Amino acid sequence: MLAHGVIGVDMNADHLAAWRLDAHGNPTGAPRRFFYDLSGTREHRDAQVRHALTRLLHWASTCGVKAIAVEDLDFAGEKTREKHGRRKRFRQLVSGMPTGKLRARLSSMADQTGIAVIAVDPAYTSRWGAQHWQKPLTTTTRKTTRHDAAAVAIGRRAQGHPIRRRTAPPPQHRSDAVGHRTVQARPGVPGREGTRPRIPGPRTRSVPPGRGVKAGHQNAQHRPGRSAEHETWQQESLPLSP
């Protein structure tokens with residue numbers, strides 16, 4: 001299903017932000033937004049959601065994409081007053097987002113068209129998407145929003161790619177001035193950086209590893225020659241001249 005790319009979808013209170021990604025996780029084309037109005041009666045809200053999902057699936061079929069990635073959102077524990085206190089507008093906003101109905105209806109409608117729906121972990125998709133994709137995808141003729149960048153992050157997570165765009169270049173020296181690496185190798189990758197083995201001996205730059213003796217004791221060190229002040233000296237007999 002992922003061989004033809006994926007469409008990442010970010011669900012919001014009034015629209016669906018979608019972006020198409022190729023098989024390598026690169027966003028292609030322009031982002032699409034499918035708006036809906038969740039005010040009014042239940043029939044009106046259901047018709048708005050169904051119309052937005054129909055346009056999304058029609059666009060996916062036109063692009064030839066066989067998979068749509070969405071967030072596995074569940075706001076059941078986010079609507080309580082005990083958690084958010086007097087933030088009434090936020091609780092109303094969260095309560096008005098039909099994430100469960102959207103995902104269930106999208107799955108049923110996509111099954112009829114042969115398109116798979118992939119639910120991914122929603123952790124930090126909006127924050128990391130805005131941090132790593134919003135500015136690079138913004139041009140003079142296109143303004144990328146946080147929701148568009150989140151759609152890219154959702155699609156890359158569904159493909160198994162990291163949300164970050166690329167690995168940081170190697171530092172010029174071994175100090176920590178450039179910071180730590182942004183992307184770590186997976187556990188199954190050969191040659192990955194692991195825990196360094198414990199080498200016995202003092203961990204100083206002046207004494208090589210394994211040489212656990214003091215530097216002041218010259219005779220105890222394993223050197224090719226011993227010091228002259230502690231070495232015994234014996235004069236050999238010289239041949240007498242005739």
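Residues numbered from 1 in each chain as written. Predicted model: local features only at pLDDT ≥ 70, side-chain atom pairs only at ≥ 80, totals over all residues. Heavy atoms only, no water.

A. How the structure looks around the overall build of the protein. Scanning the protein from N- to C-terminus turns up 6 helices and 5 strands. What you see in the protein, going N to C, is helices and strands ordered as β-β-β-α-β-α-α-α-β-α-α. The proportion of buried residues among the 242 residues of the protein is 29%. For the protein, contacts bridging at least 24 residues in sequence account for 59% of all contacts bridging at least 6. (Helix = DSSP H or I, 4+ residues; strand = E, 2+ residues; numbered from the N terminus. Buried < 20%, exposed > 50% of the residue type's maximum accessible area, 1.4 Å probe, protein only. Contact = heavy atoms within 4.5 Å.)

B. Spatial organisation of the nonpolar core. Grouped together as the largest cluster of nonpolar side chains are 23 residues, with contacts concentrated most on Ile-7, Val-9, Leu-16, Leu-53, Leu-56 and Ile-68. Breaking this core down by element, the ones donating at least two residues are strand E1 (6-11), strand E2 (15-21), helix H1 (42-63), strand E4 (67-71) and helix H4 (99-113). Tallying contributions element by element places H1 first for this core, with 7 residues. In this structure, Val-9 is in contact with Leu-16, Ala-17, Ala-18, Leu-56, Ile-68, Ala-69, Val-70, Glu-71, Ala-151 and Ile-154, ignoring residues within four places of it in sequence. (Core = buried A, V, L, I, M, F, W, Y, C linked by side-chain atoms within 4.5 Å.)

C. How the structure looks around the environment of Asp-22. Along the chain, the position of Asp-22 falls in the loop between E2 and strand E3 (27-35). Here Asp-22 falls in the partly exposed class, since its relative accessible area comes to 23%. The spatial distance from the C-alpha of Asp-22 to the C-alpha of Ala-3 is 8.4 Å, given a sequence separation of 19 residues. Contacts of Asp-22, omitting those with residues within four sequence positions, involve Gly-5, Thr-28 and Gln-159. Side-chain polar atoms of Asp-22 contact the backbone nitrogen of Asn-26, separated by 2.7 Å. (Polar contact = N/O pair within 3.5 Å; in protein donor to acceptor, adjacent residues only side chain to side chain.)

D. Spatial organisation of the pattern of salt bridges. For the structure shown, the criterion picks out 3 salt bridges. Put simply, Asp-148 and Arg-33 hold a salt bridge, and the shortest N to O gap is 2.4 Å. A residue pair is termed long-range when its members are at least 10 positions apart, and Asp-148 in helix H6 (residues 146-159) and Arg-33 in strand E3 qualify at 115 residues. Ionic pairing is found between Asp-46 and Arg-105, a salt bridge with its closest N-O pair at 2.8 Å. One end of the pair, Asp-46, is in helix H1; the other, Arg-105, is in helix H4, with 59 residues separating them in the sequence. (Salt bridge = Lys/Arg side-chain N within 4 Å of Asp/Glu carboxyl O.)

E. Geometry of H1. In a regular helix each residue adds 1.5 Å, so 22 residues correspond to 32 Å; H1 covers 32 Å between its end C-alpha atoms and thus fits that length. Turning to H1, its buried residues are Val-49, Ala-52, Leu-53, Leu-56, Leu-57, Trp-59 and Ala-60. With its buried residues spanning 155 degrees around the axis, H1 presents them on a single face. Exposed side of H1, more than 90 degrees from the buried face: Glu-43, His-58 and Thr-62 are the residues found there. Phi turns positive one or two residues past the end of H1, at Gly-64, with a value near 85 degrees. (Expected span 1.5 Å × (residues − 1). Arc of directions from axis to C-beta.)

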